[in-house]
Amino acid sequence: MDKIQINGGRQLKGEVFISGAKNAALPLIASSILVDGVSTFENVPRLMDISSIFMLLEDLGASCEFEGHTFTVDGAGINKIEAEYELVRKMRASILVLGPLVARFGRAKVSMPGGCAIGARPVNMHLSGLEALGATISIAGGYIEATAEGGLTGNEVYFDIPTVTGTENLMMAAVLAQGQTKLRNAAREPEIICLADALNKMGANIRGAGTTIITIDGVSRLHGATCRVIPDRIETGTFLAAAAATKGDVVVRDCVPDHLGGVISKLKATGAVVDTFEDRIHIKGSEIIKHIDIKTLPYPGFPTDMQAQFMALMTIAQGNSMIHESIFENRFIHANELLRMGADIKISGGNIANVRGVSHLQGAPVMASDLRASASLVIAGLIAQGTTVISRVYHMDRGYETIEKKFEGLGADIKRLSS
Ligand code: EPU
């Protein structure tokens, strides 16, 4: 297994280019199941999770090509409605094939995703939403089976909590349903708008994406289209946090500053100077990093996917910071690794972390436990005195494209140790 080695203490300087968003690319690629023809997706990042959905679609009978950053799917050959355990267990987001399969074929069998390092992550709202559209759901042998032989029928769907992939699954299911569907208390993430725009390009009729009520008028069929994946706001935020933590001076390019409102205002509160332009952000970190409090919330609130990176930044802030994780129940595993590097963090009540800033971190061997935790450890390694070696970086490879090369381009002393 590869490791990442970082000799810390260098300020990041220069420009970095942001890749397409993993969490926008995955639902877009899943939506190709709805089309009996060719769909093309541009700006797709080269990541492990994209390889996982490639394999899953090919296993269903689709024909996929991934050249450079362009991903093409011909859904005409899909002849299997079962997403197998061996493929789904590699990536929870495989649940995104459930909605489109049942919408197009009236039947789907998808291995039930288990929990993961950050929490139990149930899919009950995906299933109750599909039931509201007329699907019969059963769970047997670790598989979810959904049937709607005569097709799905539009209906009202209310989400108890805004769910990102739940909203995406239901949107994809409803586009071919008979009549109108309204998704209420829908998630509002930019990735939802990206998917709605793509589906509309394929001939769907979706309004209100990006608000809490999404209205979908079913159509009889979709056609192929060429759609572009939006820039990755979490990768953008990760480089901004790293720049602030190293007191650097960085321009982050090919991003959408508007998708990072919460992150940018918290960075400004640390004392960083942040200037936004149409598709780039210029950040100058402050010599003295001020403490801040954060509560993770659904978009447009502060993203849970940026919590770990901000915890690394707060380890060297002046004073005490409080981080309240309100989305996932177990998303502080990185705190224990940061403690090994000399951070002062106390977890209370399971979802509150009190971070007392220390003068510096020290390099240490540490272990990544999930995707964003691995980014947090990279930031910690960049600011620490001495050498940090991060193991289990396969977590990072799931969601950050050539991250060590990008940090190297900003002047970091970082390299991959291949096993
Ligand atoms: N939830 C339920 N029941 C459901 C669905 C969700 O109780 O049926 C709960 C979850 O347990 C959680 C909350 O609702 O407490 C919100 O979860 P959500 O469904 O929005 O998460 P997700 O769709 O599984 C996506 C991203 C995650 C990101 C979350 C939150 C993708 C592929 N994944 O997950 O990304 O953290 O939204 O923003 O879009 C990552 O990229 O590292 C990552 C984990």
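Residues numbered from 1 in each chain as written. Predicted model: local features only at pLDDT ≥ 70, side-chain atom pairs only at ≥ 80, totals over all residues. Heavy atoms only, no water.

## Concerning unusual backbone geometry
Residue P300 is bonded to the preceding Y299 through a cis peptide linkage, with omega at 10 degrees. Examined against the element boundaries, P300 turns out to sit in the loop between strand 18 (293–295) and helix 10 (307–314). The phi dihedral of K247 is positive, around 60 degrees, even though this residue is not glycine. When you line up the elements, K247 lands in the loop between helix 8 (233–245) and strand 15 (249–253). Its identity is not glycine, yet T402 carries a phi of approximately 40 degrees, on the positive side. Mapped onto the elements of the fold, T402 is located in the loop between helix 13 (394–397) and helix 14 (403–409). (Helix = DSSP H or I, 4+ residues; strand = E, 2+ residues; numbered from the N terminus.)

## A word on the pattern of salt bridges
When their charged atoms lie close together, side chains carrying opposite charge are able to pair. Here the structure, examined in full by the defined rule, presents 18 salt bridges. Linking D49 and K22 is a salt bridge whose minimum nitrogen-to-oxygen distance equals 3.7 Å. Taken together, the residues D49 in helix 2 (residues 48–60) and K22 in helix 1 (residues 22–31) connect sequence positions 27 residues apart. Exposure class is identical for D49 and K22. Each is buried. Linking D59 and K80 is a salt bridge whose minimum nitrogen-to-oxygen distance equals 2.6 Å. Taken as a pair, D59 in helix 2 and K80 in the loop between strand 5 (70–74) and strand 6 (82–83) lie far apart in primary sequence, 21 residues in all. (Salt bridge = Lys/Arg side-chain N within 4 Å of Asp/Glu carboxyl O. Buried < 20%, exposed > 50% of the residue type's maximum accessible area, 1.4 Å probe, protein only.)

## Things to note about the domain arrangement of the protein chain
Here the protein chain is described as being made up of domain 1 (3–19 + 231–417) and domain 2 (22–228). The centre of domain 1, based on its C-alpha atoms, is set 31 Å off from the matching centre of domain 2. Across the boundary between the two partners, domain 1 contributes 23 residues, which contact 19 residues of domain 2. Interface of domain 1 and domain 2: buried area, both sides summed, is about 1,700 Å²; carbon and sulfur atoms make up 53% of it. When residues of domain 1 are sorted by the area they lose upon contact with domain 2, Y299, R398 and E401 head the list and together hold 33% of the total. At the boundary of domain 1 and domain 2, one finds two salt bridges. (Domains from an automatic or database assignment. Contact = heavy atoms within 4.5 Å. Buried area = accessible area lost by both parts, 1.4 Å probe.)

## Quick word on the sheet that holds strand 4 (residues 63–67)
Strand pairs in the sheet, formed through backbone hydrogen bonds, run parallel or antiparallel to each other. Pairing is mixed across the open sheet formed by four strands, whose spatial order is 4-5-3-14. Either end of the sheet is taken by a strand with one partner, and the two such strands are strand 4 and strand 14 (226–228). Direction aside, neighbouring strands of the sheet carry axes that sit 15 degrees apart on average. With five bridges connecting them, strand 4 and strand 5 associate as antiparallel partners. Bridge assignment links F66 to a residue of strand 5, and that residue is F71. Where helix 2 meets the sheet, its contacts fall on strand 4 and strand 5, and the angle it forms with strand 4 comes to roughly 155 degrees. (Pairing = 2+ DSSP bridges. Axes fitted to C-alpha atoms, helices over the stretch in contact; angles between N-to-C directions.)

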